[in-house]
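Each chain, written out:
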Amino acid sequence: VPQVLSSTEEMVELYRELSQHPGLSAACLGPDITTQYGGKYCSLYTEWSQRDLARAENVKFCRQYLIFHDGVSVVYSGPAGTCSEIKDELLSRESPSGALKAVLRKVPGKEKEKEKQFLEVWDQNRKVKSIDLTALDKHGSVYDDDQFGCLAWSHSETHLLYVAEKKRPKAESFFQSKAPELGASDEDTGHPKKEDAPLKGEQFVYHEDWGEALSTRSVPVLCALDIEGSSVSVLEGVPEHLSPGQAFWSPGDTGVVFVGWWHEPFRLGLRHCTNRRSALFYVDLTGGRCELLSEDTRAVWSPRLSPDRCRIVYLENDALGPHQQCSRLRMYDWYTKHTSTVLEAVPRQAWGAFPGIYCGALPGLCWAADSRRLVLDTAQRSQQDVFVVDTVTGTTTSLTADAPQGSWSVLTIDRDLLVARFSTPSCPPTLKVAMLPDAGREAQARWVCLQDAPPVPGISWGIRTLRPPPEQEHPQYGGLDFDAILLRPSEGPAAQKPPLVVMPHGGPHSVFTAGWMLYPAVLCRMGFAVLLVNYRGSLGFGQDSVASLPGNVGTQDVRDVQLCVERVLQEESLDAGRVALVGGSHGGFLACHLLSQFPDTYRACVVRNPVVNIASMVATTDIPDWCLTETGLPYTPDALPDPGQWTEMLRKSPMCYVDRVRAPVLLLLGEDDRRVPPKQGLEYYRALKARGVPTRLLWYPGNNHALAGVEAEADGFVNMALWLLKHL
């Protein structure tokens, strides 16, 4: 039998080596500088993150580059100096002119003090302001997440806007006894000030939060810092029933534009859920008047103001339904108050046409200098490409059609200098730049590589397309196809006939794009072939594909994966006697289904935070709507499933088929998972143990649904690999 890499030491070394490839997280272009010879150059600041296994944390570092250009193309570019680690920065943002930079920083408290947050302003060569927000005590913690969080300069560069947790009144026991405090008293009466007096009986009141990865987010408020006066004010006028976020200053700095999420009757999980009722609002700073700028029955996010400050584009989905969908691009004209649809949802992907928008957010800076075109990246089947969109005509052009195939993401665009990230399953993230060509000539974009990554040897990959057989076609959405990405070892003893690891993605409405992924890369270097399946329901194939899956989970998606596995085993030289499953979340749901529906195909299984019983999940998850929607049932906040609906949820769950499982199962669970609570995995673990199926459970404290902590991710990988080696 061709041998897979087997010693634990070699495997740990391989993981250590490949986990060191840094990810590219952000980029920012400095102002243009004209040289004495008339040429132009600008600096490019980039932020990267890398796993530090010794410290068991992700470290951030920055690196600067210089780009010389003539306004039409990049003449010369290269690094300026080496990288340096960034410590304790939560948010940072350059001012519009590039002259100033704002930084939100966490500072460890002295002795028994809690951690503090400082807002700093830097000019070109020094720190000009350092404001202790914790001491000002106007609000709770500042949000640094990408859901609500923002750090926005006013156009005049005199104010900063951010989002923080609303200040909670102090609470104390009914039985508190203490000496009257000196100092803070009302001048007239000598009694303590009303607002400072702690509330009795409020100590244990439950505060709703926004769910998975947002459990410290409850009531966000918009806050403005007057830089000159070093004073913070919490903005008035946001309606009580809304949670504001993703805010920026309106044209003329007269007020603030923000996205408001409805939180009545109760909050649902928001992370990765672009289907939550929300709208675009403007709040006037002088009168506190709040005005609705978009329809109020949809879900909106990612508002972006054009450079001429006349138009705002944003993404829009239907409220409720699948958590991720093909989105619309909408545009609001600030002066005519007219809203238009720039791009509609696309029913079916077709090569040569725009595939539709499937992205968590627009780039922070996405507009071209003409304030008419914008750039975005989106999934196009199993790859990710960059497009330029004319907001007046709605025409789109790919900027990466002639570039290498893989996964392209826009980091920023400024004065038509475009910065992007590119990777493939065998090439870690690289940094690319291009000048955006004039309108009508966009297809001629020329990409220049600023920071290369050494390609990882020994991995070959390709994308294949599959059509379900006629009897498995969807009655309403016929003719849909789907993809899979196959990685296989191209050298070493296992290259001729490697064992196969099958990985369906989670979501279910997400997608594997052909970019750098650590787990598949290390498995492939160890000698496994890895099959990443984008079954029907995945993003990037059109809205029809998304709509085909709700009501058919546990059947359509399971059959798509099985069809793909059987086809690959027929057509490729793989070891059909050694096939395993690895999946997380809905991918874990599919792995557990496949194990029991096709017990002869699979020899081992590893699942991370899997959904195993939709019926028992609905009452404990932060997204109960998901359980009903994917089962094919209507969701309303006051809905109570009837016995028939409970049955339907159970019938579509892997728990129903647990009696048929024979292959050994390794479970990896995050203790703090709010999305698929670890009780799901425990339920499966007990059922397997009771049936004598070999099983092992790893429990990761301090980790949520993603299991993305550096230590949990590394430990999980090695345990997974050892499990596969043992049972294959």
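Analysis parameters
- Residues numbered from 1 in each chain as written.
- Predicted model: local features only at pLDDT ≥ 70, side-chain atom pairs only at ≥ 80, totals over all residues.
- Heavy atoms only, no water.
- Helix = DSSP H or I, 4+ residues; strand = E, 2+ residues; numbered from the N terminus.
- Contact = heavy atoms within 4.5 Å.
- Areas by Shrake-Rupley, 256 points an atom, 1.4 Å probe, with all protein chains shown as cover.
- Lys, Arg positive; Asp, Glu negative; His and termini not counted.
- Charge placed at Lys NZ, Arg CZ, Asp CG, Glu CD.
- Pairing = 2+ DSSP bridges.
- Axes fitted to C-alpha atoms, helices over the stretch in contact; angles between N-to-C directions.
- Phe/Tyr/Trp six-rings, centres within 6.5 Å; stacked < 30°, edge-to-face > 60°.
- Buried < 20%, exposed > 50% of the residue type's maximum accessible area, 1.4 Å probe, protein only.
- Domains from an automatic or database assignment.
- Buried area = accessible area lost by both parts, 1.4 Å probe.
- Salt bridge = Lys/Arg side-chain N within 4 Å of Asp/Glu carboxyl O.
- Polar contact = N/O pair within 3.5 Å; in protein donor to acceptor, adjacent residues only side chain to side chain.
- Expected span 1.5 Å × (residues − 1).
- Parallel < 35°, antiparallel > 145°, perpendicular 65-115°, else oblique.
- Left-handed = near helix turned anticlockwise from the far one by under 90°.
- Nonpolar A, V, L, I, M, F, W, Y, C, P; charged D, E, K, R; others polar.

The helix and strand inventory of the chain stands at 11 helices and 38 strands. Across its three principal axes, the chain shows a C-alpha extent of roughly 85 × 80 × 50 Å. Taking the intrachain contacts of the chain between residues at least 6 apart in sequence as the baseline, contacts between residues at least 24 apart amount to 62%. Summed over all atoms, the accessible surface of the chain reaches about 30,900 Å², with 51% contributed by carbon and sulfur. Between the centroid of the 72 positive side chains of the chain and the centroid of its 88 negative side chains there is a distance of 3 Å.

With that settled, consider the sheet that holds strand β18 (residues 278–284). Spatially, four strands are ordered β16-β17-β18-β19 in an open sheet, and the strand pairing comes out antiparallel. Because the sheet does not close on itself, it has two edges, and the strands there are β16 (242–249) and β19 (290–292). Geometrically, the sheet is characterised by an average inter-axis angle of 35° between neighbouring strands, direction not taken into account. With six bridges joining them, β16 and strand β17 (residues 255–262) adopt antiparallel strand pairing. Residue pairing in the sheet places Leu242 in a bridge with Trp262 of β17.

Any two aromatic rings considered together are summarised by their centre-to-centre distance and by the angle between their planes. Under the counting rule described, the total for this entry stands at 15 aromatic pairs. Here the aromatic rings of Tyr282 and Trp334 are separated by 5.3 Å at their centres, their planes lie at 85°, and the arrangement is edge-to-face. Of this pair, Tyr282 sits in strand β18 while Trp334 sits in the loop between β22 (328–333) and β23 (339–343); the two residues are 52 residues apart in sequence, bridging distant segments of the chain. On the accessibility criterion, Tyr282 (5% relative accessible area) is buried. Trp334 sits in the buried class, given a relative accessible area of 13%. Residues Trp408 and Trp447 carry aromatic rings whose centres are separated by 5.0 Å and whose planes lie at 40° to one another, so their mutual orientation is tilted. With Trp408 in strand β27 (residues 407–414) and Trp447 in the loop between β29 (427–435) and β30 (448–451), this pair connects stretches of sequence that are 39 residues apart. On the basis of relative accessible area, Trp408 is assigned to the buried category, the value being 0%. Of the residues examined, Trp447 reaches a relative accessible area of 18% and is grouped as buried. Counting every residue linked through ring pairs, the aromatic cluster contains Tyr143, Phe148, Trp210 and Trp261.

We note that the domain assignment places domain 1 (95–173 + 209–288) and domain 2 (459–613 + 653–727) within the chain. Put simply, the middle of domain 1 and the middle of domain 2, counted by C-alpha atoms, are 39 Å apart. Contact between domain 1 and domain 2 buries roughly 490 Å² in total, counting both sides, with carbon and sulfur atoms accounting for 36%. Measuring nitrogen to oxygen at the nearest pair gives 2.9 Å for the salt bridge that ties Asp209 to Arg674. At the boundary of domain 1 with domain 2, the tally comes to six residue pairs in polar contact (both at pLDDT 80 or more).

Ordered by their spatial adjacency, four strands build an open sheet running β20-β21-β22-β23, and the pairing between neighbours is antiparallel. A strand with exactly one partner marks an edge of an open sheet, and here the two such strands are β20 (298–305) and β23. Across the sheet, the mean angle from the axis of one strand to that of its neighbour is 30°, orientation sign disregarded. Across six bridges, β20 lies against strand β21 (residues 311–318) in antiparallel orientation. Within β21, the position partnered with Trp301 by the bridge is Leu315.

Here helix α10 (residues 679–690) spans 16 Å end to end across 12 residues, near enough to the 16 Å set by a 1.5 Å rise per residue. Among the residues of α10, those classed as buried are Gln680, Gly681, Leu682, Tyr684, Ala687 and Leu688. Next to the buried residues of α10 lie α6 (586–597), α7 (614–617), β37 (665–670) and β38 (695–700). Residue Gly692 follows α10 closely and has a positive phi angle near 75°.

Most of strand β25 (residues 383–390) is tucked away: eight of the eight residues are buried. Residue alternation in β25 divides its side chains into two sets, Gln383, Asp385, Phe387 and Val389 and Gln384, Val386, Val388 and Asp390, and both sets are buried. When strand β24 (residues 373–380) meets β25, the two strands line up antiparallel, connected through eight bridges. Looking across to β25, one finds that Leu376 is bridged to Phe387. Where β24 folds back on β25, the antiparallel hairpin that results is connected by two residues, among which Arg381 adopts a positive phi of roughly 55°. Pairing of β25 with strand β26 (residues 396–398) involves three bridges; the strand directions are antiparallel. Directly across from Val389, in β26, lies its bridge partner Thr396. Taking the residues between adjacent antiparallel strands as the criterion, β25 and β26 are bridged by five residues, where Gly394 takes a positive phi near 80°.

The next point concerns the side chain of Glu442. Mapping Glu442 onto the fold places it in the loop between β29 and β30. Relative accessible area serves as the criterion here: at 8%, Glu442 is assigned to the buried category. Not counting residues within four places of it along the chain, the set of residues in contact with Glu442 comprises Arg373, Val388, Thr397, Leu399, Leu436 and Pro437.

Below, the discussion takes up the packing of helix α1 (residues 8–19) against helix α3 (residues 518–526). Axis separation between α1 and α3 bottoms out at 10 Å; the angle between their running directions is 135°. In terms of orientation, α1 lies oblique with respect to α3. Considering the relative orientation of α1 and α3, their crossing is right-handed. Of the residues in α3, those touching α1 at Met11, Leu14, Tyr15, Glu17, Leu18 and Ser19 are Leu518, Tyr519, Ala521, Val522, Arg525 and Met526. Its residues assigned to classes, the contact of α1 with α3 comprises nine nonpolar, one polar and two charged.

Cis rather than trans, the peptide bond between Glu264 and Pro265 has omega equal to 0°. Mapped onto the elements, Pro265 comes out in the loop between β17 and β18. That bond from Gly507 to Pro508 is cis: its omega, -5°, falls within 30 degrees of zero. Here Pro508 is to be found in the loop between β33 (500–504) and α3. Positive phi values are uncommon outside glycine, yet Ala56 reaches one of about 55°.

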